[in-house]
There are 2 protein chains.
Amino acid sequence: MAVTIRDVARASGVHVSTVSRTFSAPHLVNAETRTRVLAVAEGLGYRPNRAARALTTGRTHNLGLIVADIANPFFPPLIKAAQAQARERDYHVFVADTDEDPLLEQELIETLCKQVDGVLLCSPRLSNRVIERLRAQVPFVVVNRRLKGLTTVLMDVGQGAGVAVEHVAGLGHRRMALLTGPQSSWTSEEMLAAATLAARERDIELVVMGPNEPTEQGGLAAARAVAASGVTAVLCYNDLVALGLIEGLRERGVDVPGDVSVIGVDDSLPGRLNRPKLTTITMPTAAAGRMAVDLLLAAVNAGDAGTPTLARLETHLVVRESTAAPARDGGRSILTPT
Amino acid sequence: MAVTIRDVARASGVHVSTVSRTFSAPHLVNAETRTRVLAVAEGLGYRPNRAARALTTGRTHNLGLIVADIANPFFPPLIKAAQAQARERDYHVFVADTDEDPLLEQELIETLCKQVDGVLLCSPRLSNRVIERLRAQVPFVVVNRRLKGLTTVLMDVGQGAGVAVEHVAGLGHRRMALLTGPQSSWTSEEMLAAATLAARERDIELVVMGPNEPTEQGGLAAARAVAASGVTAVLCYNDLVALGLIEGLRERGVDVPGDVSVIGVDDSLPGRLNRPKLTTITMPTAAAGRMAVDLLLAAVNAGDAGTPTLARLETHLVVRESTAAPARDGGRSILTPT
DNA sequence: TTGAAAGCGCTAACAC
DNA sequence: GTGTTAGCGCTTTCAA
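These notes cover the structure that comes with them. Predicted, not measured: the structure shown is a model, and the values here were computed from it.

## Some thoughts on the overall build of chain A
On a plain count of helices and strands, chain A comes out with 13 helices and twelve strands. Against the compact-globule benchmark of 20 Å for 338 residues, chain A has a radius of gyration of 26 Å, which places it well outside the compact range. Its C-alpha atoms put chain A at 95 × 40 × 30 Å along the principal axes. In chain A, which comprises 338 residues, the proportion classed as buried is 56%. Within chain A, contacts between residues at least 6 apart in sequence are counted, and of these 71% link residues at least 24 apart. Computed over 35 positive and 36 negative side-chain charges, the inter-centroid distance for chain A is 6 Å.

Here is the structure:
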């Protein structure tokens, strides 16, 4: 068995409670005793058992982080940041992947909640009703979904989508497509609402296509419809869809940005590395991760009684190489015979 | 407070131990009683507290997963697979990022080890000495580093590197570079050894350059030296370095694969999406993650007494678009007479 | 400032 | 089959 508080007590000739205090309330113990106990503990290689501590304090010092798909490049920076921030606050974090499955998500939360002080839900697919029930068990913070009554961190993709439409309009395009994401995605809805509004204002015809899988496959599959639609610009649900679309378009002889301009969302690594470099809407995922952890910890320490807050993080359009003015003859120059 | 075993006992008119048994040893309890207890538990929304259980059983049903950098596209598929496999076995997993810092890595292991039954170390940067000491505390399984006496899952990048050199040689190249990774990287050392051997066999001059940061920046920074070196092919530590190198080469007017062939390692998403599509050595990360979890669980259940095993997973060269025969005038290669 | 004792939620002998 | 009891490692009153 590992070395416990009792071993340290025996070896340093004090009672267990004194050892306990040296670690959890050092100011309550005589400086001399404390240094001695500390030295003995160090020598024995003692490490407090957080789980045992949690049993009496009710604080596990663990957090749960639940995401739809770890392998989606949108999440790793968020996970990394959240985890780093948590560690800074002396918290460990469980990471779980739901594979976009609401049932699994629920099961995960329920089994996890006894072991954590709070749960970070990233782009949850759960129904409002279930969330409503679960929130009684454990404090939540939600990322990228609007849920009234819950503390939420939103990346304001709507704002970015509006700017993207402006950008496209400014370039001279008149017809553009929006490739939406999964049905239950808040981000997708926000984009749709904002893009619709901005398009109306700039007198742009907006063709909505979706839902699409939020992957390169989704973009690839949409290429035919996009090419046939005659739009000269496309705003995609995320970078992967955009990258897949560009690939699919290229296979059909449609050049990006020569014939069609393409915009993604996320500012992910693949997009930055791609050729042409992807024009995209940055998502401040790392900042969101850090902020979500801090809000969650605040809720935990307030006994979950604190008023739910809503944090809105700005997004920005990063113009790179996948957008350009439309071809003068109205697009589709490649297919135009002389 | 949440509902405990005691609440269930009271509500169903049995003793706590009976409730405990219904969950941890159902066969020991009368079928009738069992269904009644289960029903009551269900109604009350009872969920066993795993941490409390761990206190008596010594089994936390948690695993630790420690990686150098979550945001490095090499890791997410591994994390996802490991986490999924663990869940299948009814285990939760802590994920922690060391930021490539050995001290942090050690600290993480030490604070985590009381809360987990075992730790998965992915590409650890820790010194052998420290690992030797830590392994007494908690069972380890190591991924991608050779550590005698420890159960290890290796992705045989050496094999892939050998095939890569053959591929390059077959294309007609005579001088190639190897961009190595971080000093402490086992993968990098393996590549170096295998590439050196293969190059000698095929009578290829191998220029070793490094260490390089394992990122696009690292590749970008190496472009100057590569361009100046006069090699016509480069094997890179990973896809990111390869992608950065391609970018840096392009900035200097060096075409890939026209002037220089480039090979990466990982078969990561950005590489698959890149233009030209990256020729790369696949790393079976998902399989490694699953296997590592199973080996770890086996060690845990064997009381860590089981003999350390060594699993070697095959890698493959995937030839895509970033490699080609060298330009005839550019190399003293194919046409060099005897 | 320190010790004694109770108890967190649960399991595991051991009795009955 | 089920109840009794002790105890996992730790914190936290309450006394001293």
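## Some thoughts on the sheet that holds strand S6 (residues 175–179) of chain A
Residues and elements named next belong to chain A. If you trace the six strands from one edge of the open sheet to the other, you get S7-S6-S8-S9-S10-S12, paired in mixed fashion. One side of each edge strand has no neighbouring strand; the edge strands of this open sheet are strand S7 (205–209) and strand S12 (316–318). Taking each pair of neighbouring strands and ignoring which way they run, the sheet shows an average axis angle of 20 degrees. Of the pairings in the sheet, the one linking strand S10 (residues 279–282) to S12 comprises three bridges and is antiparallel in character. Pairing of Ile281 across the sheet is with Leu317, part of S12. The sheet contacts of helix H9 (residues 186–201) involve S6, S7, strand S8 (233–236) and strand S9 (261–266), and relative to S7 the element is tilted by about 160 degrees. Against the sheet, helix H11 (residues 239–251) touches S6, S8, S9 and S10, its axis set at about 155 degrees to S9.

## Some details on the sheet that holds strand S7 (residues 205–209) of chain B
All names here are of chain B. A sheet is described by the order of its strands in space; here six strands give the open sequence S7-S6-S8-S9-S10-S12, paired in mixed fashion. Edge positions in the sheet fall to S7 and strand S12 (316–318), since each has one partner strand and no second. Recorded for the sheet is a direction-independent mean angle of 20 degrees between the axes of neighbouring strands. Looking at chain direction, strand S9 (residues 261–266) and strand S10 (residues 279–282) are connected through four bridges and run parallel. Of the residues in S10, the one forming a bridge with Ile263 is Thr279. Strands strand S6 (175–179), S7, strand S8 (233–236) and S9 of the sheet are contacted by helix H9 (residues 186–201), whose axis makes an angle of about 160 degrees with S7. Contacts from helix H11 (residues 239–251) reach S6, S8, S9 and S10, with the element oriented near 155 degrees to S9.

## Overview of unusual backbone geometry
Cis geometry is adopted by the peptide bond preceding Pro257 of chain B, which originates at Val256 of chain B and carries an omega value of 10 degrees. Mapped onto the fold, Pro257 of chain B is located in the loop between H11 and S9. Cis rather than trans, the peptide bond between Arg275 of chain B and Pro276 of chain B has omega equal to -5 degrees. Structurally, the position occupied by Pro276 of chain B is in the loop between helix H12 (269–273) and S10. Located in the positive-phi region is Asn144 of chain A, a residue other than glycine, with phi close to 60 degrees. Note that Asn144 of chain A resides in the loop between strand S4 (140–143) and strand S5 (152–155). Positive phi is not limited to glycine here, since Ser123 of chain B has a value of about 45 degrees. Tracing the chain through its elements places Ser123 of chain B in the loop between strand S3 (118–122) and helix H7 (128–134). Among the residues examined, Ser123 of chain B registers a relative accessible area of 11% and is labelled buried.

## Points about the side chain of Thr232 of chain B
Residue and element names in this part refer to chain B. Within the secondary structure, Thr232 sits in the loop between helix H10 (216–229) and S8. By relative accessible area, Thr232 is classed as buried at 10%. Excluding residues that lie within four positions of it along the chain, Thr232 makes contacts with His173, Arg174, Arg175, Asp259, Val260, Ser261 and Pro326.

## A closer look at the interface of chain A and chain B
Where interface size is quoted, it is often the accessible area lost as the parts come together. Listed per partner, the contact involves 46 residues of chain A and 46 residues of chain B. Between chain A and chain B, roughly 4500 Å² of surface is buried when both sides are summed, and carbon and sulfur atoms account for 58% of that area. The tally of links between chain A and chain B comes to 14 salt bridges. With a closest N to O distance of 3.8 Å, Glu107 of chain A and Arg47 of chain B form a salt bridge. Connecting chain A to chain B are 22 residue pairs in polar contact (both at pLDDT 80 or more). Class assignment of the residues belonging to the side of chain A that touches chain B gives a composition of 23 nonpolar, seven polar and 16 charged.

## Focus on the nonpolar core
The biggest cluster of nonpolar side chains holds 99 residues, and the ones touching the most others in it are Leu65 and Leu235 of chain A together with Leu65 and Leu235 of chain B. Setting aside its immediate chain neighbours within four residues, Leu65 of chain B contacts Ile79, Ala82, Val93, Phe94, Val95, Ala96, Leu120 and Cys122 of chain B. Counting 40 residues, the second largest nonpolar core, distinct from the first, contains Val119, Leu126, Leu134 and Val138 of chain B.

How each quantity is defined
- Residues numbered from 1 in each chain as written.
- Chains lettered and ligands numbered in written order.
- Predicted model: local features only at pLDDT ≥ 70, side-chain atom pairs only at ≥ 80, totals over all residues.
- Heavy atoms only, no water.
- Helix = DSSP H or I, 4+ residues; strand = E, 2+ residues; numbered from the N terminus.
- Rg over C-alpha atoms; globule rule 2.2 N^0.38 Å.
- Buried < 20%, exposed > 50% of the residue type's maximum accessible area, 1.4 Å probe, protein only.
- Contact = heavy atoms within 4.5 Å.
- Lys, Arg positive; Asp, Glu negative; His and termini not counted.
- Charge placed at Lys NZ, Arg CZ, Asp CG, Glu CD.
- Pairing = 2+ DSSP bridges.
- Axes fitted to C-alpha atoms, helices over the stretch in contact; angles between N-to-C directions.
- Buried area = accessible area lost by both parts, 1.4 Å probe.
- Salt bridge = Lys/Arg side-chain N within 4 Å of Asp/Glu carboxyl O.
- Polar contact = N/O pair within 3.5 Å; in protein donor to acceptor, adjacent residues only side chain to side chain.
- Nonpolar A, V, L, I, M, F, W, Y, C, P; charged D, E, K, R; others polar.
- Core = buried A, V, L, I, M, F, W, Y, C linked by side-chain atoms within 4.5 Å.

Coordinates in, geometry out; function isn't part of it.
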